[in-house]
Amino acid sequence: MIIVTGGAGFIGCNFIRDWLGETFFVPDNRAQAGLLNLDKLTYAGNLKSLADVESNPQYRFVRGDIGDRALVGRLLAEAKPTAIVNFAAESHVDRSIAGADEFIQTNIVGTFNLLEEVRGYFAQLSADEKQAFRFLHVSTDEVYGSLGMHEAAFSEKRQYEPNSPYSASKAASDHLVRAYHHTYGLPTLTTNCSNNYGPYHFPEKLIPLMIQNALQGKPLPVYGDGKNVRDWLYVADHCSAIRAVLANGRVGETYNIGGRNERTNMEVVNTVCALLDELRPRADGKHYNSQITFVKDRLGHDRRYAIDATKLETELGWHAQETFETGIRKTIAWYLNNQDWVQSVASGEYMKWLDVQYGANDRSGL
Ligand code: NAD
Ligand code: TYD
């Protein structure tokens, strides 16, 4: 049994589907360990993203907060997990700029409370169980701060220089995880991944927002000059990297995960537009990139992120399977075929966010 936190979010739901999928496809029918998903179901968590695994007997969902020590303690005692994979977090930079309270509560205080309960649970395991146990903390490349255009990509040795309230809260959680290994011998693993994209990505983030706005004939709001660079990784590749680190990563280590797919935001948006032109042409024959509009820049906007994944590739033999071109095509096809999912996650709270971020402030310029 493993416990996954934040499994109703974008990456977590892809990870759960992959993990349970392995159960069905192992050649000798050997059942893989079951999985308990602990998720608070914030605006970003949606059980619709897991509808197809709900009835799997290996899967159990519990709604709750990683910071709820009584609940976490009870679940650990009941489930007796051999591993925890901690995805739960507030994850959107723009929201952290608008107000960071939830980021501090979940990403820092929540992770601390989770670590405390896991520490207590770990202490009473047998020597063999201790040997097998892992706490894997899922983090981000944003903790390293912003790269110059010609600087080498982030390695695990790069100094932490978080610039947004989001990345600062993730950096704090990474430090706590490190300290629990160093001080208490908790067998931790930390992964720092670059920007993900793929199915079930909440439509407040760049790629799904652009797809949805394009389809709805709305402006495509590019912040600043559109030349900020992100290193894009298809979500299934992130999931396979986490499985590799969980299985064979060295305890106490951190592993950077990235696909060597650096793109400027304009390149990303133009690619999305070109694929939509091909797969779902506009009725009026115009190109989707005619909807692009430059808007006011994000405060403190990091210029460039890029990951050097050499350690993961050489130590654990992991390699990304998708290029940006193959992954983005799959992603757009998924969104075109799953508009009902997008509609169902677009809650009232989400519509309010769009108003605050793009509407009421009228940053769109259209
Ligand atoms: P997401 O926002 O889509 O999902 C987060 C999930 O956590 C949601 O289901 C939410 O309900 C849940 N959650 C929030 N607070 C909680 C709490 N207090 N207790 C329990 N559950 C809670 O995020 P994501 O994009 O899937 O990211 C998952 C993790 O990966 C995060 O830790 C994020 O920092 C990290 N990460 C994300 C990216 C990316 O590009 N999306 C890249 C690198 C790292
Ligand atoms: P985002 O998906 O929010 O991820 P992150 O900030 O964690 O990298 O944004 C990716 C890039 O796209 C980032 O440079 C900000 C930019 N961006 C826009 O230009 N317009 C938008 O509407 C959004 C949401 C992001």
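The rules we used
Residues numbered from 1 in each chain as written. Chains lettered and ligands numbered in written order. Predicted model: local features only at pLDDT ≥ 70, side-chain atom pairs only at ≥ 80, totals over all residues. Heavy atoms only, no water. Helix = DSSP H or I, 4+ residues; strand = E, 2+ residues; numbered from the N terminus. Buried < 20%, exposed > 50% of the residue type's maximum accessible area, 1.4 Å probe, protein only. Contact = heavy atoms within 4.5 Å. Areas by Shrake-Rupley, 256 points an atom, 1.4 Å probe, with all protein chains shown as cover. Pairing = 2+ DSSP bridges. Axes fitted to C-alpha atoms, helices over the stretch in contact; angles between N-to-C directions. Parallel < 35°, antiparallel > 145°, perpendicular 65-115°, else oblique. Left-handed = near helix turned anticlockwise from the far one by under 90°. Nonpolar A, V, L, I, M, F, W, Y, C, P; charged D, E, K, R; others polar. Near = heavy atom within 4 Å. Polar contact = N/O pair within 3.5 Å; in protein donor to acceptor, adjacent residues only side chain to side chain.

Draft legend 1. Expanded view of the overall build of the protein. Counting its regular elements, the protein contains 13 helices and 13 strands. Along the first, second and third principal axes, the C-alpha atoms of the protein reach 65 × 45 × 40 Å. Relative to its 366 residues, the protein shows a buried fraction of 55%. Excluding contacts between residues fewer than 6 apart, the proportion of contacts in the protein whose partners are at least 24 apart in sequence is 81%. For the protein, the accessible area works out to roughly 15500 Å², and carbon and sulfur atoms hold 52% of it.

Draft legend 2. Focus on the pairing of strand E6 (residues 188–193). Burial within E6 is extensive, with 6 of its 6 residues counted as buried. Judged by which residues are buried, E6 turns out to be covered on both faces: Thr 188, Thr 190 and Asn 192 on one side and Leu 189, Thr 191 and Cys 193 on the other are all buried. Bridge analysis of strand E5 (residues 134–140) against E6 gives 6 bridges, and the strand direction is parallel. Across the sheet, Thr 140 pairs through a bridge with Cys 193, a residue of E6. Strand direction decides the pairing type here: E6 and strand E11 (residues 254–257), joined by 4 bridges, are parallel.

Draft legend 3. Up close: the packing of helix H7 (residues 206–215) against helix H9 (residues 265–279). At a closest axis distance of 10 Å, the pairing of H7 and H9 adopts a crossing angle of 40 degrees. Taken as axis vectors, H7 and H9 run oblique relative to one another. At the point where H7 passes H9, the crossing takes the right-handed sense. Together, Leu 206, Ile 207, Met 210, Ile 211, Ala 214 and Leu 215 of H7 and Asn 265, Val 268, Val 269, Val 272 and Leu 276 of H9 make up the contact between the two elements. When grouped by side-chain class, the residues that make up the contact of H7 with H9 number 10 nonpolar, 1 polar and no charged.

Draft legend 4. Up close: the site of ligand 1. The local shell around ligand 1 holds 28 residues, among which Ile 11, Asp 39, Ser 91, Tyr 166 and Lys 170 are the closest. In the environment of ligand 1, an oxygen atom lies 3.4 Å from a nitrogen or oxygen atom belonging to the backbone of Leu 41. Protein chains bury 97% of the 830 Å² of accessible surface belonging to ligand 1 in isolation. Of all the secondary-structure elements, those providing two or more residues to the shell around ligand 1 are helix H1 (10–25), E5 and helix H6 (165–184). For the shell around ligand 1, the leading source of residues is E5, giving 3 residues.

Draft legend 5. Expanded view of unusual backbone geometry. You will see that Lys 80, though not glycine, has its phi angle at about 45 degrees, which is positive. One can find Lys 80 in the loop between helix H2 (69–79) and strand E4 (83–86). Phi is positive for Arg 260, which is not a glycine, with a value near 55 degrees. Summarising the element assignment, Arg 260 is placed in the loop between E11 and strand E12 (262–264).

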